[in-house]
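# Breakdown of the fold
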Amino acid sequence: MAIGEFASATRLPRQGDVGLSTPLYWMYEMGYAALNPSRAMADASRMFLKNPINPVSHTTIGKSMAAACELFERTTRRYGKPDWGITHTSAGGQNVPIHVNTVWERPFCRLLHFERAFEYPPRRPQPRLLIVAPVSGHHATLLRGTVEAMLPTHDVYVTDWIDAKLVPMSEGRFNLSDYVDYLISIFHRMGGNCHVMAVCQPAVPVMMAIARMEAEEDPFVPRSMVLMGGPIDTREAPTAVNALAKDRGIDWFRRNVITTVPWPHPGALREVYPGFLQLNGFMSMNLDRHLQAHWDLFRHLVKGDGDSAEKHRDFYDEYLAVMDLTADFYLETVENVFITHALPKGEIMHHSQVVKPEAIHRVALMTVEGEKDDISGIGQTKAAHKLCPRIPEDMRAHWEQPGVGHYGVFNGSRFRSEIAPRISDFILSQEFRRDGRARPMPDRPAPEAAGEEEPDVFALNKKVTALYPRIAPT
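Below you will find a few notes about this structure.

Criteria and cut-off values
Residues numbered from 1 in each chain as written. Predicted model: local features only at pLDDT ≥ 70, side-chain atom pairs only at ≥ 80, totals over all residues. Heavy atoms only, no water. Pairing = 2+ DSSP bridges. Helix = DSSP H or I, 4+ residues; strand = E, 2+ residues; numbered from the N terminus. Buried < 20%, exposed > 50% of the residue type's maximum accessible area, 1.4 Å probe, protein only. Lys, Arg positive; Asp, Glu negative; His and termini not counted. Salt bridge = Lys/Arg side-chain N within 4 Å of Asp/Glu carboxyl O. Contact = heavy atoms within 4.5 Å. Patch = residues over 30% accessible without salt bridge, like charges linked within 9 Å, V, L, I, M, F, W, Y side chains within 5 Å. Areas by Shrake-Rupley, 256 points an atom, 1.4 Å probe, with all protein chains shown as cover. Axes fitted to C-alpha atoms, helices over the stretch in contact; angles between N-to-C directions.

## Quick notes on the sheet that holds strand E8 (residues 259-260)
Read from one edge of the open sheet, three strands run E8-E9-E10, paired in antiparallel fashion. Strands at the two margins of the open sheet, each flanked by one partner only, are E8 and strand E10 (325-326). Of the strand pairs in this sheet, E8 and strand E9 (residues 271-273) are connected by two bridges, and their pairing is antiparallel. Among the inter-strand pairings, threonine 260 is bridged to a residue of E9, identified as glutamate 271.

Here's what the structure looks like:
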């Protein structure tokens, strides 16, 4: 049976149905609300038991009870979107303050600029880098380490996707073609004078957007694209994630993971793949490790090991903060990327147009994979090179990082020490091509204020206006 048949009558079960017929999102919200009094009591008890003027706080039983209360409160709370927490970076021998500004905005996405307030302009070139965060359950802040690693040498922009349950139905739908529209609009906003880094899932829509622009000789394509751990062709070294999608089929996902946002969320009545279901999937993949981590937190709290406990809190504050995805986008992505393999077959559609990756010829391409990646297997991202035969050899690069899994492709010590420097070198090489064949690019600065009127770049190319009518400036 279907999950979350809210706003319609519950249908009768059919033979072969697997899921629930009840409004699952409502049940989740009611369960969360029902635990509020217990959660408040546990938090109050924790503060009472940890108060140093309370003699019990110095005993083992008191510390154990306080730790148990904290564990209960943390495992039953709802985690909001974390802050970026990036206030400074070291660049050009300076300690540079960071100001995070919104420079472009649509109902489902904001473009953030991590503006560096240099006291003295750096001598080293600082290429503009657009980091496209995945729409896969976690917030863009999961890429905090990626942003921090690139800030010393790049002018960084990041797509900050909006939780679908916070977007009213009046703002319309959001599917894979709309995602591509958003990217094209951002590329136009940046005037083409940028490089784009797609982390995991957005590798597919980034390639789609650039292919559509290249097919129309759009002057605002980025100078290069870096695809990291992305599922370009999931037929290569299929993982457990790929196998699950293939075995279940799209109808199973439609019946069992799609539900409807309840009131009082702003996006009430919108069909979504909810964050709490995604989190359940994340946790179940390594349930024993998560249980052990929480047991370790309990022991650290009892022993008074504050540093270890704080590391646990920092990690899970980020990991447990999830967002809803629109049903349209999620189902189209599962079907096109993991089931039908539409992109490598040349069958994927952007609205009514077939996307042709072979049209890409002005945008340099770098792919990055992790040796132990169990989400996007070895070869799935590298397959992008086969799909873009017109890109010159001196505008290509591929790196397979030994000893890292999926997360290590874009975060962690090996990313900072081995992957990020290679990406920076590749981007810089495309900024200043040694053979002098670098194509001329518009070099207007990106607007730094969200309220600034977007220039009518579409007036420069009537074919572009006809191709992208849904993203024309208003």
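## Quick word on the side chain of arginine 270
Here arginine 270 shows up in the loop between E8 and E9. An unpaired buried charge is present at arginine 270: no salt bridge exists, and aspartate 328, the closest side chain of opposite charge, is 6.4 Å distant. Not counting residues up to four positions away in its chain, the partners in contact with arginine 270 are Phe108, Ala164, Val167, Pro168, Met169, Gly172, Arg173, Thr259, Thr260, Val261 and Thr326.

## Describing a nonpolar patch on the surface
On the surface, a cluster of nonpolar side chains totalling about 300 Å² of accessible area is made up of Trp26, Met27 and Met30. Residue classification places methionine 27 among the partly exposed positions, given a relative accessible area of 39%.

## What about the sheet that holds strand E13 (residues 364-370)?
Strand order in the open sheet formed by nine strands is E1-E2-E3-E5-E4-E6-E7-E13-E14, and the pairing between neighbours is mixed. Since the sheet does not close on itself, it has two edges, and those belong to strand E1 (88-91) and strand E14 (396-401), each with one partner. Averaged over all neighbouring strand pairs, the angle between strand axes comes to 25°, with direction disregarded. Taken together, the five bridges between strand E3 (residues 109-116) and strand E5 (residues 155-161) define a ladder with antiparallel strand orientation. From the neighbouring strand, arginine 110 faces E5, where its bridge partner is aspartate 160. Sheet contacts for helix H5 (residues 176-189): strand E2 (94-106), E3, strand E4 (128-132), E5 and strand E6 (195-199); angle to E2, the most-contacted strand, approximately 125°. Taken strand by strand, helix H14 (residues 413-431) contacts E4, E6, strand E7 (224-228), E13 and E14, and its axis lies near 160° from that of E7.

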